[in-house]
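The residues making up each chain are set out below.
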Amino acid sequence: MVPRRPSGLPWPAPLHAGLVDTVLVGVSLLDMWANVDPDDRAAMACGLLAALCLPLRRRLPLATFLLTLPTATVTDAALATLIALYTLSSLSRHRLLLALCGTVFAVADFVPWPWPSLEIDELSDTYSLIHLSYTLATAVAPVFLGQLVQARRELTLRLAEISEAREHERLLITQSVLAQERAQLAREMHDVVAHQVSLIAVQAGALQVGSRDAEAKEAAVTIRRLSVQTLEELRHMVSVLRASGSRPTELTPQPSLADLERLVDSSGIEAELSTDLPGDLPPPVQRGVYRTVQEALTNVRKHAPGASATIRIHHQNGRLHATITNTPATRPAVPLPSAHHGLVGLRQRAELLGGTVTSAPTTAGGYELRLDIPFDHTP
C-alpha cells in the first residue's frame, strides 16, 4: 500500500519527516562546529547529544528538550535546544510547563559557564540590559511560535470538522426534502388517483348489476377487477411513500374552490353544494377544503352506495366550517381495497392549517365529516 501524503507534499509524510529531521540534525551540527571548541570534549559531547536526539522530539518532546539543554548551558550552540523547545511548545498544552522550560533555557543561556568560576565583575558585565533582553527574546520566540503553530493546526482541524458537519447537514436537508416530496406525492396519489379509480370501480359495479347485456356485464367485471387491482397496488405504493415526510412541498397544478362544483358534478353521487366562501382564500386553505370534500365523496361512493350527500361550507367568527353529510346506503357496498389513509391525511392537512377534522355517524344512519380551520390563517 502506498501511504497517503498530506496535501501539498510531493512525497509521503514519513519521508518528508525524515528529510526534515536530517536537515535539522545537519544544521545543529554546523551550529556546534561554528561555536564549540573541538578540543573541549565535554562541550562536543553535549553538542553531539543535542543534535542526534532531535529526531526523537515528536515522540518525546520534553525528554528531547532536557537532553539538548546542556549544550545551551556549556556552549554557545543553542540551536538544537531552540528547536526542541519549539517542538515541545507546538505539541504541549501545559502553559505552566512551557513557561518553566522557557525560563530554564533563558537562565542556562544567560548565565556564563562554568558557574563556579564566576567573578563579581564578570557577573556584573553579564547582567546588562541588552544581553538580558536578547536572552529573553530568544527564549520566548520558540514558545510563542510553537503555540501559534499549534493553534493553527487546531483551527485547521476545527474547520475540517465544520466542513464535514455542514456536508452532513446538507445531506440531511436533502433527505428531508425528498421525504417531504414523497409524503406529498403519497397524499396526492391517494386524493387524486384513488378518487378517480374508485369512481371507475363503483360505476363498473353498478353496470355489472344493472346491465342485461352479457358482453356489457363481462366488460364491467373486467373493468371492476382491474380497478380493484389498481387500487390495491396504489395502496401498497402509498404505504411505501408515507414511510417518511412531514410538512409537504407544493406540487402543481393544485385544485381550488373554483373546482368544487366540477368535483361534485363528476362524483356520481346525488349531492347538494352550498358555500359562501370568497375566492381569494390562501391556496393551502382552498386545497384543504377541496381535499376534504373529495375524500368525503370518495368514502360515500365506497361505503354508502346510493346515498345522497349534502355539502355545507361557510365562515363564521373568523373560522371556516365545512360539513359533508350523507344519507344511509340504499344498496350493498362493493368491497374495494383501502389503506385507511384518507382521514389521517385530512387530519394532517387540517393540523397544518391550525384546524381540526372530525367524523362520526349520524342519528339517521348516515355519516358526517366536519372541517374546522381558521378563516384568515396563512401558513
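What you are looking at is a predicted structure, and each value in this text was computed from that prediction instead of being measured. (Residues numbered from 1 in each chain as written. Predicted model: local features only at pLDDT ≥ 70, side-chain atom pairs only at ≥ 80, totals over all residues. Heavy atoms only, no water.)

Caption draft 1: Focus on the sheet that holds strand β2 (residues 309-316). Ordered by their spatial adjacency, 5 strands build an open sheet running β1-β2-β3-β5-β4, and the pairing between neighbours is mixed. Pairing within the sheet leaves two strands with one partner each, and these edge strands are β1 (271-275) and β4 (356-361). Averaged over all pairs of adjacent strands, the angle between strand axes in this sheet comes to 10 degrees, irrespective of strand direction. Across 5 bridges, the pairing between β1 and β2 is parallel. (Pairing = 2+ DSSP bridges. Helix = DSSP H or I, 4+ residues; strand = E, 2+ residues; numbered from the N terminus. Axes fitted to C-alpha atoms, helices over the stretch in contact; angles between N-to-C directions.)

Caption draft 2: Summary view of the pairing of strand β3 (residues 319-326). Pairing analysis gives 8 bridges linking β2 to β3, with the strands arranged antiparallel. From the neighbouring strand, His314 faces β3, where its bridge partner is His321. Hairpin connection, β2 to β3: the antiparallel pair is bridged by 2 residues, and Asn317 has positive phi, about 55 degrees. Pairing of β3 with strand β5 (residues 367-374), which is carried by 8 bridges, proceeds in the antiparallel orientation. Note that in β5 the partner of Ala322 across the bridge is Leu371.

Caption draft 3: Highlighting the environment of Gly47. Relative to the helices and strands, Gly47 resides in helix α2 (residues 41-52). On the basis of relative accessibility, which here comes to 6%, the residue Gly47 falls in the buried class. Considered as a pair, Gly47 and Leu79 are 32 residues apart in the sequence and their alpha carbons are 9.9 Å apart. Setting aside residues up to four positions removed in sequence, Gly47 forms contacts with Met32 and Thr71. (Buried < 20%, exposed > 50% of the residue type's maximum accessible area, 1.4 Å probe, protein only. Contact = heavy atoms within 4.5 Å.)

Caption draft 4: Inspection of a nonpolar patch on the surface at higher detail. Together, Leu19, Val23 and Val27 make up an exposed nonpolar region whose accessible area comes to about 230 Å². Note on placement: Leu19 falls in helix α1 (residues 13-35). (Patch = residues over 30% accessible without salt bridge, like charges linked within 9 Å, V, L, I, M, F, W, Y side chains within 5 Å. Areas by Shrake-Rupley, 256 points an atom, 1.4 Å probe, with all protein chains shown as cover. Salt bridge = Lys/Arg side-chain N within 4 Å of Asp/Glu carboxyl O.)

Caption draft 5: Representation of the pattern of salt bridges within the structure. One pass over the structure, following the stated rule, counts 7 salt bridges. Glu154 is the partner of Arg93 in a salt bridge, and the nearest nitrogen-oxygen pair spans 2.5 Å. Pair noted here: Arg93 is in the loop between α4 (79-91) and α5 (95-110) and Glu154 is in helix α7 (residues 129-210), with a separation of 61 residues, a long-range link. For Glu368, the salt bridge identified is with Arg370, shortest N-O distance 2.9 Å.

Caption draft 6: Structural context of the side chain of Arg301. As for its placement among the helices and strands, Arg301 is situated in helix α10 (residues 283-303). No salt bridge is formed by the buried Arg301; the nearest opposite charge belongs to Glu295, separated by 8.6 Å. When near neighbours in sequence (up to four residues on either side) are disregarded, Arg301 contacts His195, Ser198, Leu199, Val202, Ser267 and Ile269. (Lys, Arg positive; Asp, Glu negative; His and termini not counted.)

Caption draft 7: Seen up close, the nonpolar core. Among the nonpolar cores identified, the biggest contains 29 residues, and Leu260, Val293, Leu297, Ile313 and Leu320 are the most heavily contacted of them. Those elements that place two or more of their residues in this core are α9 (260-265), α10, β2, β3, α11 (342-352) and β5. With 7 residues, the single largest contributor to this core is α10. Non-local contacts of Leu320, meaning those with residues more than four positions away in its chain, are made with Leu277, Leu281, Val285, Val289, Ile313, His314, His315, Leu371, Asp372, Ile373, Pro374 and Phe375. Residues Phe65, Ala72, Cys101 and Ala106 belong to the second largest nonpolar core, which totals 14 residues. (Core = buried A, V, L, I, M, F, W, Y, C linked by side-chain atoms within 4.5 Å.)

Caption draft 8: The confidence of the model for the protein chain, seen in detail. Confidence in the prediction for the protein chain averages 78 pLDDT; 79% of positions are at 70 or higher. In the predicted structure, residues 1-9 sits below a pLDDT of 50 and forms 8 contacts with residues beyond four places in sequence or in another chain. Predicted confidence for residues 245-252 stays below pLDDT 50, and this span has 18 contacts to residues more than four positions away or in other chains. (pLDDT = per-residue confidence, 0-100.)

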